[in-house]
Every structure is written in structure tokens, then in C-alpha cells.
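# Observations on the three-dimensional arrangement
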Amino acid sequence: MTEIKRRSLIKAIGLAAGAVVTGSLPALAATSDEQSAGEKKPVLRVAHITDVHIKASENAPERFKNCLKQIIGHHKPDFFLNGGDSVNDVSYDNVTYDQVIEQWGIWDDCIKQLDKYEIHSCIGNHDSWWKAPSNEHEMYGKAYAAKRLKIPARYYHFTRKNWHFIVLDGNNDKISLDPEQYAWLETTLEKIPASAPVLLMSHFPILGTTQALVGGGHSDCKKLKDLFYKHKDKVRVCLSGHNHLSDNTKYNGVLYCCNGAMSGFWWGKGDKESAGPGYYLETPPGYAMLKLYEDGTVENEYFPHAY
């Protein structure tokens, strides 16, 4: 056995032991094996938080703030990706104006912790108020959610350290990209230089195991899979939330990571199917850290939290 393979085996055993201690699912997923990553240093360390579902009850604000302190202190990320469902819920029919203002106000207060960091968010299905007084009301729908999340549009593209980040909006018919957005995605991927690494973030899983258990995945997954295969030299990883479950699936060279939920069981204790306090099924509340390398290698690790 070579020294590199021996070290990789020892590291794998250590990670497996860590998963047992934390009660998490296997935490680490990568687009290539340890040997290819070697001793390289990532060009970016990115925190992926999703499904915060912030609310006044369950002491959720203080618990969320403590989680953010943990991420900053332990991991020192370059920036944050926020996968949506930032507020507990403003989409239900009985939500009032005051409740919308309250929930977004709590969100604003919590993320003051991140004043020194970029936060790139996508819109979750619980972030938009559809029962505003009218469709023309300034707080109606996704445009207001985008405004409160301080993002340029409901879907967008940006670059950092030669990595391309594409944020999608799946809040459309049958959980899908609307025709305008899909055409934009096609054009955007075409314009990205050959072999430049791409990370996509959507609220809903595109591919993976979790939707086989609880649903909630993109209905246009085959169409998107085909598009990603066309750009297989570029598309490296797709991040999602929504299902509150931790899952890493690799298909056609693309790593699909559903990264649990910061709120776990919506900040509650759980139910009879919860594997532990605050768990949704077997997934504890938590967040993910990604290491992105210059050559397009990706490592995605899920970290449970105890707040």
C-alpha cells in the first residue's frame, strides 16, 4: 500500500468515527478521491446554511446567532451561501402584514452577525408573501423576498476566485425553472469559459436520495441533468436544502449535496421518527462547509450543531 493511500485510509476511518460521534450521516463528500486533492489548499472556503426558518419562538434567534458564531469562529469562511426558507413561513394563507414584518425583522437582527461577510441567498418556498393586499403591493411575492435577502434578482450569477456561482429559483410550476430562467441558464453556462468550475445553488434538490424519501425535488431534473452533462467540464456541484435531510449523490461527475437544515426539526424537539433531539428523521440540525479548489475539486462536509 502506498503512503498516500495509507494516509487516505486513515483519514477515512477518522471521518467515519466522527460521523458516529456526532450522529450525523456520512459527512464528507468530494468530487474526486483524497489522492487527487493531495495537500492542496482550497481557493475558497464557503459556508452553506439553509432552512433557517427563523422565528421568535423556541429561542430560535439566539440559537441561530450562536450557530453563526460557531461557523465564523471554527471555520473562518470566505463567504456564506444561504439556501432559502430564511424566515419561518410567510407563504401560508393566514399570514398577516405584521407577521411578515416581524419575521424579516428577526432575520435582519440575526444576520448582523455577518456584517463583515458576503451572503448570497436564494429564495425558499416559505420566503414569499402571496396574500399581500394585491399583486401590485410592494411586499407581494418573490420580488419582496429578493429585496429582503439583498440579492440582485430571483436568479443570478457571480464569480469568486475563478469559480462561477449560479443561484436558481425553483419556486415555479411543479418545482422547476420557468422557460425564461432555463434559457438564461443555458446562455450563462455557454458563456462560462471551458473547464471553469461551476457551483449551482437551488432551494430544492435537483437530484439525490432525499426526494425519494420525502419528495420536494425538481420536476425538471432530467432536463437539468442533460444540460449539466452538456457542460460536464464545468458543472461540479449543486447545493440544495428544502428537505431538511443530509444527502450527497454523485452522478455524471456532478456532486449533488442536500445540506440538511440549520433549524433541524424547525427548532423543535422532533417527533417519533426523529433519531435524536431536533433531528428530522436521521439528520441533525446543522450546516455545511465547502472547500473549493482551483482545479474544480469540491469537498462538502456537514456539521451538526447542538444549539
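Above this text you will find the structure in question.
Quick look at the structure, then. (Residues numbered from 1 in each chain as written. Predicted model: local features only at pLDDT ≥ 70, side-chain atom pairs only at ≥ 80, totals over all residues. Heavy atoms only, no water.)

This next bit is on the overall build of the chain. Along its length, the chain carries 8 helices and 12 strands. Sorting the 307 residues of the chain into buried and exposed places 53% on the buried side. When contacts within the chain are restricted to residue pairs at least 6 apart in sequence, long-range pairs at least 24 apart make up 70% of them. Carbon and sulfur atoms make up 52% of the accessible area of the chain, which amounts to about 14,100 Å² in all. (Helix = DSSP H or I, 4+ residues; strand = E, 2+ residues; numbered from the N terminus. Buried < 20%, exposed > 50% of the residue type's maximum accessible area, 1.4 Å probe, protein only. Contact = heavy atoms within 4.5 Å. Areas by Shrake-Rupley, 256 points an atom, 1.4 Å probe, with all protein chains shown as cover.)

This part covers unusual backbone geometry. Non-glycine residue Asp-51 carries a positive phi angle of around 55°. Residues other than glycine seldom take positive phi values, yet Ser-195 does so here, at roughly 70°. Position of Ser-195 relative to the elements: it lies in the loop between helix 6 (179–191) and strand 7 (198–201).

Another point: the nonpolar core. Counting 53 residues, the largest nonpolar core has Phe-64 and Leu-199 as its most contacted members. Those residues in contact with Phe-64 that lie beyond four places of it in its chain are Ile-49, Val-52, Ile-54, Trp-107, Cys-110, Ile-111, Met-262 and Trp-267. Membership of the second largest hydrophobic core comes to 18 residues, among which are Leu-177, Leu-185, Phe-228 and Cys-238. (Core = buried A, V, L, I, M, F, W, Y, C linked by side-chain atoms within 4.5 Å.)

Two aromatic rings are characterised by how far apart their centres lie and by the angle between their planes. In total, this model carries 13 aromatic pairs according to the counting rule given. With 5.9 Å between their ring centres and 20° between their planes, Phe-64 and Trp-107 make a pair best called stacked. One end of the pair, Phe-64, is in helix 3 (residues 60–75); the other, Trp-107, is in helix 4 (residues 97–110), with 43 residues separating them in the sequence. By relative accessible area, which is 1% here, Trp-107 ends up buried. Plain terms: the ring middles of Tyr-287 and Phe-303 are 5.8 Å apart, the flat faces sit at 20° to each other, and that makes the pair stacked. Of this pair, Tyr-287 sits in strand 11 (residues 286–292) while Phe-303 is found in strand 12 (residues 298–304), placing the two residues 16 residues apart along the sequence. Following the ring pairs from residue to residue traces out a cluster consisting of Phe-79, Tyr-156, Phe-158 and Phe-165. Over the ring of Tyr-182 we find Lys-223; its NZ or CZ atom is 4.0 Å from the centre of that ring. The residue whose ring lies beneath Lys-232 is Tyr-229, and the NZ or CZ to ring-centre distance is 4.3 Å. (Phe/Tyr/Trp six-rings, centres within 6.5 Å; stacked < 30°, edge-to-face > 60°. Lys NZ or Arg CZ within 6 Å of the ring centre and 35° of its normal.)

Locating Ser-91 in the fold gives a position in the loop between strand 3 (79–82) and helix 4. Within the local environment of Ser-91, its side chain forms a polar contact with the side chain of Asp-89, the two groups lying 2.8 Å apart. (Polar contact = N/O pair within 3.5 Å; in protein donor to acceptor, adjacent residues only side chain to side chain.)

Two pairing modes exist for strands in a sheet, parallel and antiparallel, and in both the strands are linked by backbone hydrogen bonds. The strand order across the open sheet formed by 6 strands is 5-6-7-8-10-9, and the pairing between neighbours is mixed. Both edges of this open sheet fall to strand 5 (156–160) and strand 9 (246–251), since each of them pairs with a single strand only. Mean inter-strand twist for the sheet, computed between neighbouring axes without regard to direction, equals 15°. Its contacts with the sheet place helix 6 against strand 5, strand 6 (163–167), strand 7 and strand 8 (235–240), and it is angled at close to 180° to strand 6. (Pairing = 2+ DSSP bridges. Axes fitted to C-alpha atoms, helices over the stretch in contact; angles between N-to-C directions.)

Let us now look at helix 5 (residues 141–149). Of all 9 residues that make up helix 5, 7 are buried, and the element is covered over most of its length. When we look at burial in helix 5, the residues that qualify are Gly-141, Lys-142, Tyr-144, Ala-145, Ala-146, Arg-148 and Leu-149. Each element contacted by the buried residues of helix 5 is listed here: strand 3, helix 4 and strand 4 (119–121). Count one or two residues on from helix 5 and you reach Lys-150, which has phi positive near 60°.

Under the 1.5 Å per step criterion, the end-to-end length of helix 6 is 19 Å for 13 residues, consistent within 8% with the ideal 18 Å. All buried positions along helix 6 are accounted for by Gln-181, Tyr-182, Leu-185, Thr-188 and Leu-189. Summarising the axial view, the buried residues of helix 6 lie within an arc of 125°, below the 170-degree limit, and thus occupy one face. In helix 6, the exposed positions that point more than 90 degrees away from the buried face belong to Pro-179, Glu-180 and Lys-191. Along its buried surface, helix 6 packs onto strand 5, strand 6, strand 7, helix 8 (221–230) and strand 8. (Expected span 1.5 Å × (residues − 1). Arc of directions from axis to C-beta.)

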